[in-house]
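# Coordinate inspection notes
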There are 2 protein chains.
Amino acid sequence: MITPRSYKGMRDHLPDAMRLRRYITDTLIDVLRRYGFEELSTPIVEYAETLEGKIGEDEKLLFRLQFGSDQLALRYDQTVPLARVIAANEGKLGMPFKRYALGQSYRGERQQRGRYREFWQLDADIVGVDSPVADAEVIAIVCESLQRLGFAGARVLINHREILSGLARVAGVEAEAAANVYRIIDKLDKIGLDQVREQLVQSGVSADAAAKICDFISLEGAPDTVLAAMQSTLGDDEAASAALANLRAIIENVALLGVAPESYTLSPALARGLSYYTGCVFEAVLAEPPMGSLLGGGRYDNLIGMFSKRSLPTVGFAFGIERLYDLMVELKMGPTFERFIDAYVTIFSPELEPESLRLASELRAAGLSVLTAYGPARLGTQFSEADRKGATLALVYGPDDASANLVQIKDLRTGAQEPAARDQIVAAVQQKLQT
Amino acid sequence: MITPRSYKGMRDHLPDAMRLRRYITDTLIDVLRRYGFEELSTPIVEYAETLEGKIGEDEKLLFRLQFGSDQLALRYDQTVPLARVIAANEGKLGMPFKRYALGQSYRGERQQRGRYREFWQLDADIVGVDSPVADAEVIAIVCESLQRLGFAGARVLINHREILSGLARVAGVEAEAAANVYRIIDKLDKIGLDQVREQLVQSGVSADAAAKICDFISLEGAPDTVLAAMQSTLGDDEAASAALANLRAIIENVALLGVAPESYTLSPALARGLSYYTGCVFEAVLAEPPMGSLLGGGRYDNLIGMFSKRSLPTVGFAFGIERLYDLMVELKMGPTFERFIDAYVTIFSPELEPESLRLASELRAAGLSVLTAYGPARLGTQFSEADRKGATLALVYGPDDASANLVQIKDLRTGAQEPAARDQIVAAVQQKLQT
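Computed from a predicted model, the values in this text were never measured in an experiment.

### With respect to the packing of aromatic side chains
Here the structure, examined in full by the defined rule, presents twelve aromatic pairs over all chains. Judged by centre distance (5.3 Å) and plane angle (85 degrees), the rings of A:Tyr47 and B:Tyr7 are edge-to-face. Separated into two different chains, A:Tyr47 in strand E2 (residues 45–47) and B:Tyr7 in the segment before helix H1 (15–34) make up a pair that spans both. Using a relative accessible area of 10% as the deciding quantity, one classes A:Tyr47 as buried.

### Notes on the environment of A:Cys214
Residue and element names in this part refer to chain A. Position of cysteine 214 among the secondary structure elements: in helix H8 (residues 207–217). Classification of cysteine 214 as buried rests on a relative accessible area of 0%. It is 7.7 Å that separates the C-alpha atoms of cysteine 214 and valine 196, two residues lying 18 residues apart in sequence.

### Observations concerning the interface of chain B and chain A
Of the residues lining the interface, 96 residues belong to chain B; the matching set on chain A comes to 96 residues. Of the roughly 8,200 Å² buried where chain B meets chain A, counting both sides, 58% is carbon and sulfur surface. Where chain B packs against chain A, one counts twelve salt bridges. With its nearest N and O atoms 2.9 Å apart, the salt bridge here joins A:Asp12 to B:Arg84. Our count for the contact surface shared by chain B and chain A stands at 34 residue pairs in polar contact (both at pLDDT 80 or more). Here the residues of the side of chain B that touches chain A are counted per class, giving 47 nonpolar, 21 polar and 28 charged.

### Observations concerning the pairing of strand E12 (residues 341–345) of chain A
The side chains of a regular strand alternate between the sheet's two faces. Residue and element names in this part refer to chain A. In terms of burial, E12 is a largely internal element, five of the five residues being buried. Both E12 and strand E14 (residues 391–396) contribute to a ladder of four bridges, which runs parallel. By the bridge assignment, valine 345 is partnered in E14 with leucine 395. Taken together, the three bridges between E12 and strand E13 (residues 370–372) define a ladder with parallel strand orientation. Bridge pairing links alanine 343 to valine 370 in E13.

### Quick word on the relation of the copies chain B and chain A
Superposition of the two copies of the chain requires a rotation about an axis together with a shift along that axis. After a rotation of 180 degrees and a shift along the axis of 0.0 Å, chain B superposes on chain A with an RMSD of 0.1 Å. In short, the pair behaves as if placed about a two-fold rotation axis. Of every C-alpha in chain B, the one belonging to B:Leu65 sits nearest the axis of rotation, 2.5 Å from it.

### Let's talk about the domain arrangement of chain A
Assigned domains within chain A: domain 1 (15–330) and domain 2 (341–434). One C-alpha centre belongs to domain 1 of chain A, the other to domain 2 of chain A; they are set 51 Å apart.

### Some remarks on the sheet that holds strand E6 (residues 118–127) of chain A
Residues and elements named next belong to chain A. Here we have eight strands laid out as an open sheet, ordered E1-E5-E6-E11-E10-E9-E7-E8, and mixed in their pairing. Whereas interior strands pair on both sides, the edge strands pair on one side only; in this sheet they are strand E1 (38–39) and strand E8 (264–266). Bridge count for E1 against strand E5 (residues 97–106) is two bridges, and the pairing is parallel. Across the sheet, residue glutamate 38 finds its bridge partner in E5, namely arginine 99.

### Observations concerning the pattern of salt bridges
Within the structure shown, the criterion is met by 70 salt bridges over all chains. A salt bridge links B:Asp30 to B:Arg34, with the shortest nitrogen-to-oxygen separation between them at 3.0 Å. Taken as a pair, B:Asp30 and B:Arg34 lie in helix H1 at a separation of four residues, close to a single helical turn. Of the two residues examined, B:Asp30 and B:Arg34, each falls in the buried class. We note a salt bridge from B:Glu355 to B:Arg358, for which the minimum N-O separation is 3.0 Å. Remark: B:Arg358 and B:Glu355 occur in helix H12 (residues 353–365); sequence separation between them is three residues, near one turn of the helix. Given a relative accessible area of 39%, B:Arg358 falls into the partly exposed group. Through salt bridges with shared partners, a single network forms among A:Arg11, A:Arg21, A:Glu322 and A:Asp326.

### Remarks on the packing of helix H1 (residues 15–34) of chain A against helix H11 (residues 321–330) of chain A
All names here are of chain A. Viewed as axis vectors pointing N to C, H1 and H11 meet at an angle of 120 degrees, and their least axial separation amounts to 10 Å. Between H1 and H11, the angle falls in the class oblique. Between H1 and H11 lies a crossing whose hand is right-handed. Here H1 contributes Ala17, Leu20, Arg21, Tyr23, Ile24, Thr25 and Leu28 to the contact with H11, which in turn contributes Ile321, Glu322, Leu324, Tyr325, Met328 and Val329. Split into classes, the residues belonging to the contact of H1 with H11 amount to ten nonpolar, one polar and two charged.

### Overview of the side chain of A:Glu353
Secondary-structure assignment places A:Glu353 in helix H12 (residues 353–365). Within the buried set, A:Glu353 has no salt-bridge partner at all; the shortest N-O distance to an opposite charge, 11 Å, is to A:Arg358.

### Considering the environment of A:Asp30
Given the relative accessible area of 18%, A:Asp30 is considered buried. Along the sequence, A:Asp30 and A:Arg148 sit 118 residues apart, while their C-alpha atoms lie 10 Å from each other.

Thresholds applied
Residues numbered from 1 in each chain as written. Chains lettered and ligands numbered in written order. Predicted model: local features only at pLDDT ≥ 70, side-chain atom pairs only at ≥ 80, totals over all residues. Heavy atoms only, no water. Phe/Tyr/Trp six-rings, centres within 6.5 Å; stacked < 30°, edge-to-face > 60°. Helix = DSSP H or I, 4+ residues; strand = E, 2+ residues; numbered from the N terminus. Buried < 20%, exposed > 50% of the residue type's maximum accessible area, 1.4 Å probe, protein only. Contact = heavy atoms within 4.5 Å. Buried area = accessible area lost by both parts, 1.4 Å probe. Salt bridge = Lys/Arg side-chain N within 4 Å of Asp/Glu carboxyl O. Polar contact = N/O pair within 3.5 Å; in protein donor to acceptor, adjacent residues only side chain to side chain. Nonpolar A, V, L, I, M, F, W, Y, C, P; charged D, E, K, R; others polar. Pairing = 2+ DSSP bridges. Least-squares fit on C-alpha atoms with pLDDT ≥ 70 in both. Domains from an automatic or database assignment. Axes fitted to C-alpha atoms, helices over the stretch in contact; angles between N-to-C directions. Parallel < 35°, antiparallel > 145°, perpendicular 65-115°, else oblique. Left-handed = near helix turned anticlockwise from the far one by under 90°. Lys, Arg positive; Asp, Glu negative; His and termini not counted.

So this is what it looks like as structure tokens:
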């Protein structure tokens, strides 16, 4: 006998979990559908060379496999496969192309709470257009999705990679040291301003430059105020000024798309880890409970060029379904899913089983979800079973009912029971379900 | 630059394909929902020992991988993971348990048309009950699903493993030789009755026994007729008689569940390859085009026992989504999906872009799927783009419209264009979409 265990860091999703998980992904996909996104699905197994050389350090977390002489690996995200598909099918897909993808990815993370080796993500990207409207759309989608899931206090923090580069230049940081500066200031929320200043100086940044950087990343307030203050610091840097104009246009378009002002804010310290971002970057955070980011995204205009002679500008993000699910369970969010079966048809006796099955069949033909008992048992037992299985109604067709052409409908929410005409049963059940 | 290619035998599913694939799986899941099935999802990666020793020869097709010292493999079906989950969660799930699972499995098949190394399956199983009503439900689900997908000529062939065993005993075949007999008679459709007889004799079955077997597997007609003829051959064999009674009860229940008689038939030659079946077996076939089975299933009462002290009776099947999809494309079945975006909002000029984005946002808030142009272009170009992107309507908000508080609605199905009041635009668009 083999011990029945799933592989560590990989979860079975039982029906209770799947109901909430589907609620989450259906809600997100509905928002994406409204914005005209289409679905793309790619294999979980890729040639190893497709995945290599894109995520730096994390490459050691790849699940590698060999089949015959083929060197393969399980995908660690859905962005690199998107770039591969775009490079191979650009003409066929037609640009701009808005796609979403729902599926698992794999990383051999060390075992800890909230880290999974198999995790589901819902990715959304707009390929082939550098308009700030595209950046604004993906930010609007994130805000709207989190609102619809019930994360009322969620906020999207927004910044721009070229503004960070400009800051480094204006502060007089050498180009080679800039990546390290981004890494340090990205920790502002965790370590505070004094620690950031100290680490900057320790890493070789001058005290003056560190002070300038710290002033900049402390900027707060309405987008217009922050943009104006950024402009006054970076005004002489041409690339940074262009980035500021781009960021201003993105923010204006986010508002035009109907997003409430309290849902997003400029965050001059936000850098985001992934090296492939080239323009705006953003992440979603919750005020309560305090925790890391819910999701991140941004513009990456060069990734597709790794598979193709010409690259295509792209902006997108990925919802981490594991994190959303775990949080919603912890915070008791989402529907309760107590009654997910419409009706349970009891079996009164072996003689009446055929008529009970016919009854179930009629209800199913009308689109209702219906269970039947498998063989007769005490009615009380069958009612308990119906309740346990999440049925809203239990139907009884006994000998007295049969001779009177009736069906008893028991409402399991209230315990109330009343008869309905056998030949009107579909309408009667539908009416009960609507109350 | 890396060549953008997917691994052989694994397909990218572009949006055109995904629309049909989702139509297929949504249709099948809707049927399962009506029968009260709930969703279960398990990891694609399993400990190798979980998968080993269950599929005989095919085990060499496993995609194996190692992570640290962990010996792992990609699942080759969703039935063995189901057995593992049931063994680990029996009390939590509550029996009987009706579950479906949609996902990929992996087999390193040789490259040929219609064979994929990554393939999607939709599995459905009823665990924990041996009632013939359960067998009948899964058969009814198969019939109903294929009807709803448009496979009007599909038929489900039904047999019973214990009837085959009885036949072998009654014909005097040694127990060890029986598996080989099943293998030969299962080929009846492909090689014909004479070849079956010849191969039986070549394999060591006596001429008398071969004749008896061939008479039996040639039985045809309405279920009652075939069951009576089977009974007269097998009547003295106790286990076979019990199997006949079980098969009769299953068939009667299939009829009670509302399945049309022409959708299913008894097929005494049907054996089905998988060694774990213990009761009824079935497969779905198409009359046109002539081809192998669309799907197969049956009762397997011992599999869960490989992971648990006590086994649980189970009956189920798996739809092969790759095959359904390939067939529906080949036979031009299913919806055409020409218009899957509700509206495309054109951008007349940079000045009017903000108002056009607001318009799009209003329509999205009403649940419609809406694309906008990314920046202005000639209206003709924008209309072509709208058409190419699958939009039903194109909306124009130009300077004249702005001053008259109008929006022009162009119906891309007919080319007709007419104005609607700006403040009634949601209702006007919804009405157009309903025509």
